[in-house]
Amino acid sequence: MATPPGARGTARTATTHPQPATGARRRVLTGARVVLPTGTVPDGRVTIDGTHIAPNAPHAAPRDAETELDVTGHWLVPGFVDLHNHGGGGASFSGTAEEVRKAIHTHRLHGTTTLVASTVTDDMDVLVRQAGLLSELAEQGDLAGIHFEGPFISPCRKGAHSEALLRHPDPADVRKLIDAARGQARMVTLATELPGGLDSVRLLAEHGVIAAVGHTDATYEQTVQAIEAGATVATHLFNAMPPLGHRAPGPIAALLEDERVTVELINDGTHLHPAALELAFRHAGPGRVAFITDAMDAAGIGDGRYLLGPLEVEVSEGVARLVEGGSIAGSTLTQDRAFQRAVTIDRLAVEDVVAALSANPARLLGIDDRVGSLEPGKDADLVLLDENFELKGVMRKGDWVIDPQLA
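Residues numbered from 1 in each chain as written. Predicted model: local features only at pLDDT ≥ 70, side-chain atom pairs only at ≥ 80, totals over all residues. Heavy atoms only, no water.

Student: So what's going on with the overall build of the chain? Residues and values would help.
Tutor: When its secondary structure is counted, the chain shows nine helices and 21 strands. In summary, the chain has a C-alpha radius of gyration of 20 Å against a globular reference of 22 Å for 407 residues, a match within 12%. Counting every position in the chain, which comprises 407 residues, the buried fraction comes to 58%. When the accessible surface of the chain is totalled, it reaches about 15800 Å², and 49% of it is carbon and sulfur. Counting 35 positive and 53 negative side-chain charges, the chain places the averaged centre of each group 2 Å from the other. (Helix = DSSP H or I, 4+ residues; strand = E, 2+ residues; numbered from the N terminus. Rg over C-alpha atoms; globule rule 2.2 N^0.38 Å. Buried < 20%, exposed > 50% of the residue type's maximum accessible area, 1.4 Å probe, protein only. Areas by Shrake-Rupley, 256 points an atom, 1.4 Å probe, with all protein chains shown as cover. Lys, Arg positive; Asp, Glu negative; His and termini not counted. Charge placed at Lys NZ, Arg CZ, Asp CG, Glu CD.)

Student: Break down the sheet that holds strand S17 (residues 311-316) for me, with residues and values.
Tutor: Each strand in a sheet pairs with another by means of backbone hydrogen bonds, the pair being arranged parallel or else antiparallel. Strand order in the open sheet made by the three strands is S16-S17-S18, with antiparallel pairing throughout. Every other strand in the sheet has two partners, leaving strand S16 (304-308) and strand S18 (319-322) as the edge strands with one partner each. The sheet shows a mean angle of 35° between the axes of neighbouring strands, taken without regard to direction. (Pairing = 2+ DSSP bridges. Axes fitted to C-alpha atoms, helices over the stretch in contact; angles between N-to-C directions.)

Student: Describe the confidence of the model for the chain, listing the residues and the values that go with them.
Tutor: On average, the chain scores 91 in pLDDT, and the residues at 70 or more come to 91%. Taken together, the stretch residues 1-24 has pLDDT below 50 and engages in 58 contacts with residues farther than four places along the chain or on a different chain. Taken as a whole, residues 57-62 scores under 50 in pLDDT and shows 21 contacts with residues more than four places along the chain or in a different chain. (pLDDT = per-residue confidence, 0-100. Contact = heavy atoms within 4.5 Å.)

Student: With reference to specific residues and values, describe the environment of Thr270.
Tutor: Considering the arrangement of structural elements, one finds Thr270 in the loop between strand S14 (262-266) and helix H7 (274-284). Using a relative accessible area of 32% as the deciding quantity, one classes Thr270 as partly exposed. Taking the C-alpha atoms as reference points, Thr270 and Val319, 49 residues apart in sequence, are found 7.4 Å from one another.

Student: Pulling in residues and values, what's your account of the sheet that holds strand S10 (residues 146-149)?
Tutor: Here eight strands make up an open sheet; going across it, the order is S6-S9-S10-S11-S12-S13-S14-S15 and the pairing parallel. Lying at the two open borders of the sheet, with one neighbouring strand each, are strand S6 (80-85) and strand S15 (289-292). Judged from the three bridges that link them, strand S9 (residues 112-119) and S10 form a sheet pairing that is parallel. Its bridge partner being in S10, Ser118 is matched across the sheet by His147.

Student: So what's going on with the packing of helix H1 (residues 97-108) against helix H2 (residues 124-139)? Residues and values would help.
Tutor: It is at 11 Å that the axes of H1 and H2 come closest, and there the two elements cross at 55°. Regarding the angle of H1 to H2, the classification is oblique. For the pair H1 and H2, the sense of crossing is right-handed. Contacts from Ala97, Val100 and Arg101 of H1 reach H2 at Gln130, Leu133, Leu134 and Leu137. For the contact of H1 with H2, the class distribution of residues is five nonpolar, one polar and one charged. (Parallel < 35°, antiparallel > 145°, perpendicular 65-115°, else oblique. Left-handed = near helix turned anticlockwise from the far one by under 90°. Nonpolar A, V, L, I, M, F, W, Y, C, P; charged D, E, K, R; others polar.)

This is the structure in structure tokens:
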């Protein structure tokens, strides 16, 4: 537990030849503590019919089940849904199709079965081209969509984004990215106090794209205006925004107090003090928190030199920082480590952690009819954890990405 999340490149054993999903193949997982939207069922049963959870699961297994696997002593939770992720496994979502697939696979090995690919600030032409590539993978079902983080952010709170490439959120430019994504744009992070910010929020809301307040130097009042205009997400709350002040509460107070806003949190032990995490959970409530990784290339690998967009990053002891300036540059976090930390260190209820990692982001993306919980008719996306909340198996759409490790 002393190793920073994501710092150890733990080897995963992936199924070499994924099992073909067929409607006739039924499997039953028995004996686990199954976390449902209504609570945890001890000694539960989950029935998988091809690629989906069977209608009678998890309460009773059909007698004609083809196979049964006893996972007593383990937890069964929904596959994780990551709203904000820049890459992993040495590859970036700003790279080639092959690199993007490598990053996707890296995070699947850590339980993330649904993933939104995040870009990083670059020239508009580059972002337009990358949106086209990512949209193809989203159309194929490999991604749940695209998140544009930058270039419409504040130079005062740029973090690991190139200041030379930043620009104001002109609605015409925002529309250009939406169009390039061909219906796969899911979220755009903006500093809504900049010229064009509020109009861009309205434009995004009109097109069904999430407007996220982040990398912002906004005041409390300006943030309230952005929420009224349609902003519904706080991009990695607390990070890359003014701190909470008693006379100038800034964006944090506005984002925490409004029930329409979901707050992203990076639970890696570096981005947030445990007291800040507790404050967010207590004030927003477990229904409005989404754990994200904000992962970069080093996730799933370890220390070394990497690129985040055009900027060079040094990863040391699992913490990524810009070589020039030393700003934190994303994370090396994976969602299985976020889960384990939340339960064992932050002492959050397992059910609340499942909501933050699966149900809440799925609902925000509008795909909770398919993923985010272990309910009949939904995709058979699940994660198997042992009693210490170490990952022991991952299933996506009925196929084991990692075969159950029960020894």
